[in-house]
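Fold and geometry: a report
Residues per chain, in single letters:
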Amino acid sequence: MLEIIEKLLILQDRDRKIGRVRGELTHIEPERQSLRSKAAEAQKALDNAKERVKQLESDRKNLELEVEAKKQLIAKYCLQQFQTRKNEEYRALAHEIGN
């Protein structure tokens, strides 16, 4: 009789373990879907951030080119100003710089 009770207790323990594992298995798929959804959102956010970085780099490069063009224009006007000998030339240059 003790042997039967022992086997029943072992069987009961195994049934409980099976029940726990089945319960865990039912939660795995929803968790997997949730994690996949979070991963997709994170990937989308990463892609958006990369695109934003590219846009900012492009904008920065354009601004740097614009600054360089302005520096060259300033250098050109400075040179012209030093080369100016007559008041009319100086006024024409000042008018050109003003526009």
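Quick summary incoming for the structure in this document. Counting starts from 1 at the beginning of each chain's written sequence and moves along it residue by residue. The model is predicted, so local features are restricted to residues of pLDDT at least 70 and side-chain atom pairs to those at 80 or more, both for listing and for counting; the totals for chains, interfaces and linings are taken over all residues. Each side-chain value is derived from all of the structure's non-hydrogen atoms; neither hydrogens nor water enter the calculation.

1. Regarding the overall build of the protein
The secondary structure content of the protein amounts to two helices and zero strands. Expected size for 99 residues packed as a compact globule is a radius of gyration near 13 Å; at 39 Å, the protein overshoots this value by more than 25%. A principal-axis box enclosing the C-alpha atoms of the protein has dimensions of 125 × 15 × 10 Å. Relative accessibility under 20% of the residue-type maximum defines a buried residue, over 50% an exposed one, and the middle range a partly exposed one, all with a 1.4 Å probe and only protein chains included. Each of the 99 residues in the protein was classed as buried or not, and the buried ones make up 3%. The protein chains shown are the only cover counted for residues, whose accessible areas, like all others here, come from Shrake-Rupley with a 1.4 Å probe. Put simply, the protein shows about 9,500 Å² of open surface, and 57% of that area lies on carbon and sulfur atoms. A positive count includes Lys and Arg, and a negative count includes Asp and Glu. His and the chain ends are not counted in either. Lysine's charge is taken at NZ, arginine's at CZ, aspartate's at CG and glutamate's at CD. Here the protein carries 21 positive and 18 negative side-chain charges, and the mean point of each set is 2 Å from the other. Helical segments are the DSSP runs of H or I of at least four residues, strand segments are the runs of E of at least two, and each set is numbered from the N terminus. The size measure is the radius of gyration over C-alpha atoms, and the globule rule it meets is 2.2 Å times the number of residues to the 0.38 power.

2. A short note on the environment of isoleucine 97
Structurally, isoleucine 97 is set in helix α2 (residues 87-98). Since its relative accessible area comes to 41%, isoleucine 97 is described here as partly exposed. Distance from isoleucine 97 to tyrosine 77, taken between C-alpha atoms, is 7.4 Å for residues 20 residues apart in sequence.

3. Some details on the pattern of salt bridges
Take a side-chain nitrogen of Lys or Arg and a carboxyl oxygen of Asp or Glu: if they are within 4 Å of each other, that pair is a salt bridge. Under the counting rule described, the total for this entry stands at five salt bridges. Close ionic contact of glutamate 29 with arginine 32 constitutes a salt bridge, the shortest N to O distance being 3.2 Å. Separated by three residues within a single helix, glutamate 29 and arginine 32 lie in helix α1 (residues 2-83), roughly one turn from each other. Exposure remark for arginine 32: the relative accessible area of 39% places this residue in the partly exposed category.

4. Here we look at a nonpolar patch on the surface
Together, Met1, Leu2, Ile5 and Leu9 make up a nonpolar patch on the protein surface, roughly 500 Å² of accessible area in all. Locating methionine 1 in the fold gives a position in the segment before α1. Here, patches come from residues exposed beyond 30% relative accessible area and free of salt bridges, joined within 9 Å for like charges and within 5 Å for nonpolar side chains (Val, Leu, Ile, Met, Phe, Trp, Tyr).

5. A closer look at the environment of serine 34
Here serine 34 lies in helix α1. Along the primary structure serine 34 and aspartate 59 are separated by 25 residues, whereas in three dimensions their C-alpha atoms are 37 Å apart.

6. Some thoughts on the environment of leucine 35
Secondary-structure assignment places leucine 35 in helix α1. Taking the relative accessible area as the measure of exposure, leucine 35 reaches 53% and is therefore exposed. Separated by 15 residues in the primary sequence, leucine 35 and lysine 50 place their C-alpha atoms 22 Å from one another.

Read these as geometric descriptors, not functional statements.
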